[in-house]
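Chains, contacts and geometry: an overview
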Amino acid sequence: MKIAATDALLVIDPQNDFCEGGSLAVEGGAAIMPLINRLAERFDRVVVTQDWHTPDQISFASNHPGATPFTEIEVGYGRQMLWPDHCIQGSPGAVFHPDVAPTVEKALAVIRKGYNPAVDSYSGFFENDHRTATGLAGLLRDLGVTRVFLAGLAFDYCVRFTAEDAVRLGFETVVISDASRAIAPPTEATARDSFQALGVVEIEAASLFG
Ligand code: VGL
Ligand code: ZN
């Protein structure tokens, strides 16, 4: 697969809290960072997203007395998974993993999301109400981007929801599987099913190096 000038690489939430030692660590999270850097070298346009919560974020189990992480509750915009506190603005866990620094340096923009305490945001395009835009679609369209490649964390949440929104918004959408890691196998399988249904293509990074 050949990378074109109208392509962008979207690097989803490559942050300390999603890597080993973080509060919502994804197994193998840190290990994908060197591959992401190699990918970023090949793209003219790189955009990074950053999960950027306040301590009173609605999706933190700690804000719901008696609730435990990894259970779901009903909120105004639908069902919401509860998480351990993570990626709190200004905390070390919210900082980009040091191994992905070259990619962050190259990025033309960092899109922060999840800063509205009342609404979580998995997707880089819309908050979990599926209505409030982050500005990423407008940015990409203004730049003439027609196809997006996704890498980062986590495959079954923020990568998945960003890919779903991208394809629905009319971008050709490609997920680079080995440059991403999932939180859990069942939700990883759900993500794959959804990609198939929506026409999101999955590739290995090797097919971009030639
Ligand atoms: C994410 C759960 C909560 C992610 C972010 O980046 O996949 N998952 N916040
Ligand atoms: Zn989050």
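Look up a bit, the structure's there.
Here is a short report on the structure shown in this document. Please read all numbers here as calculations on a predicted model, not as lab measurements.

Calculation rules
- Residues numbered from 1 in each chain as written.
- Chains lettered and ligands numbered in written order.
- Predicted model: local features only at pLDDT ≥ 70, side-chain atom pairs only at ≥ 80, totals over all residues.
- Heavy atoms only, no water.
- Pairing = 2+ DSSP bridges.
- Helix = DSSP H or I, 4+ residues; strand = E, 2+ residues; numbered from the N terminus.
- Axes fitted to C-alpha atoms, helices over the stretch in contact; angles between N-to-C directions.
- Contact = heavy atoms within 4.5 Å.
- Polar contact = N/O pair within 3.5 Å; in protein donor to acceptor, adjacent residues only side chain to side chain.
- Donors = N, O, S within 2.8 Å, 3.2 Å for Na, K, Ca; no water.
- Tetrahedral: all angles 85-135°; square planar, octahedral: opposite > 155°, others 65-115°.
- Buried < 20%, exposed > 50% of the residue type's maximum accessible area, 1.4 Å probe, protein only.
- Right-handed = clockwise from strand over helix to strand, strands pointing away.

1. With respect to the sheet that holds strand 5 (residues 109–113)
In spatial order, the strands read 5-2-1-6-7-8; together these 6 strands make up an open sheet with parallel pairing. Each having just a single partner strand, strand 5 and strand 8 (201–203) make up the two edges of the open sheet. Direction aside, neighbouring strands of the sheet carry axes that sit 25° apart on average. Where strand 6 (residues 147–153) lies against strand 7 (residues 172–181), 6 bridges are found, and the strand directions are parallel. Across the sheet, Phe149 pairs through a bridge with Val174, a residue of strand 7. The sheet contacts of helix 4 (residues 155–168) involve strand 1 (7–12), strand 5, strand 6, strand 7 and strand 8, and relative to strand 6 the element is tilted by about 170°.

2. Some points on the side chain of Asp156
By secondary structure assignment, the location of Asp156 is in helix 4. A polar contact is formed between the side chain of Asp156 and the backbone nitrogen of Ile183, at a distance of 2.8 Å.

3. Notes on unusual backbone geometry
Leu153 connects to Ala154 through a cis peptide bond whose omega is -15°. Mapped onto the elements of the fold, Ala154 is located in the loop between strand 6 and helix 4. Positioned with a positive phi, Asp13 is a non-glycine residue whose angle comes to about 45°. Mapped onto the secondary structure, Asp13 falls in the loop between strand 1 and helix 1 (33–42). One non-glycine residue, Cys87, adopts positive backbone phi at about 45°. Within the element layout of this structure, Cys87 appears in the loop between strand 4 (78–81) and helix 2 (101–106).

4. Considerations on the coordination of the zinc ion (ligand 2)
Bound to the zinc ion (ligand 2) on the protein side are Asp51 (OD), His53 (NE2) and His86 (NE2), at distances that span 2.0 to 2.2 Å. Here the zinc ion (ligand 2) is ringed by 4 donor atoms whose angles at the metal span 88 to 168°, and the overall shape comes out irregular. For the zinc ion (ligand 2), the single-chain donor residues occur in sequence as D-x1-H-x32-H. Of the two residues, Asp51 and His53, neither departs from the other in class, the shared state being buried.

5. Considerations on the environment of Asp178
Within the fold, Asp178 resides in strand 7. Judged by its relative accessible area of 25%, Asp178 falls in the partly exposed class. Along the sequence, Asp178 and Ala30 sit 148 residues apart, while their C-alpha atoms lie 12 Å from each other. What Asp178 contacts, discounting residues up to four positions off in sequence, is Ile32, Leu35, Ile203, Glu204 and Ala205.

6. Let's talk about the pairing of strand 7
Most of strand 7 sits inside the fold, with 7 of its 10 residues counted as buried. Chirality of the crossover, the property in question, places the unit of strand 6, helix 4 and strand 7 among those that are right-handed. As judged from the 3 bridges shared by strand 7 and strand 8, these two strands associate in the parallel manner. Along strand 8, the bridge assignment pairs Ile176 with Ile203. Between the parallel elements strand 7 and strand 8, the chain passes through helix 5 (residues 185–198) in a crossover that is right-handed.

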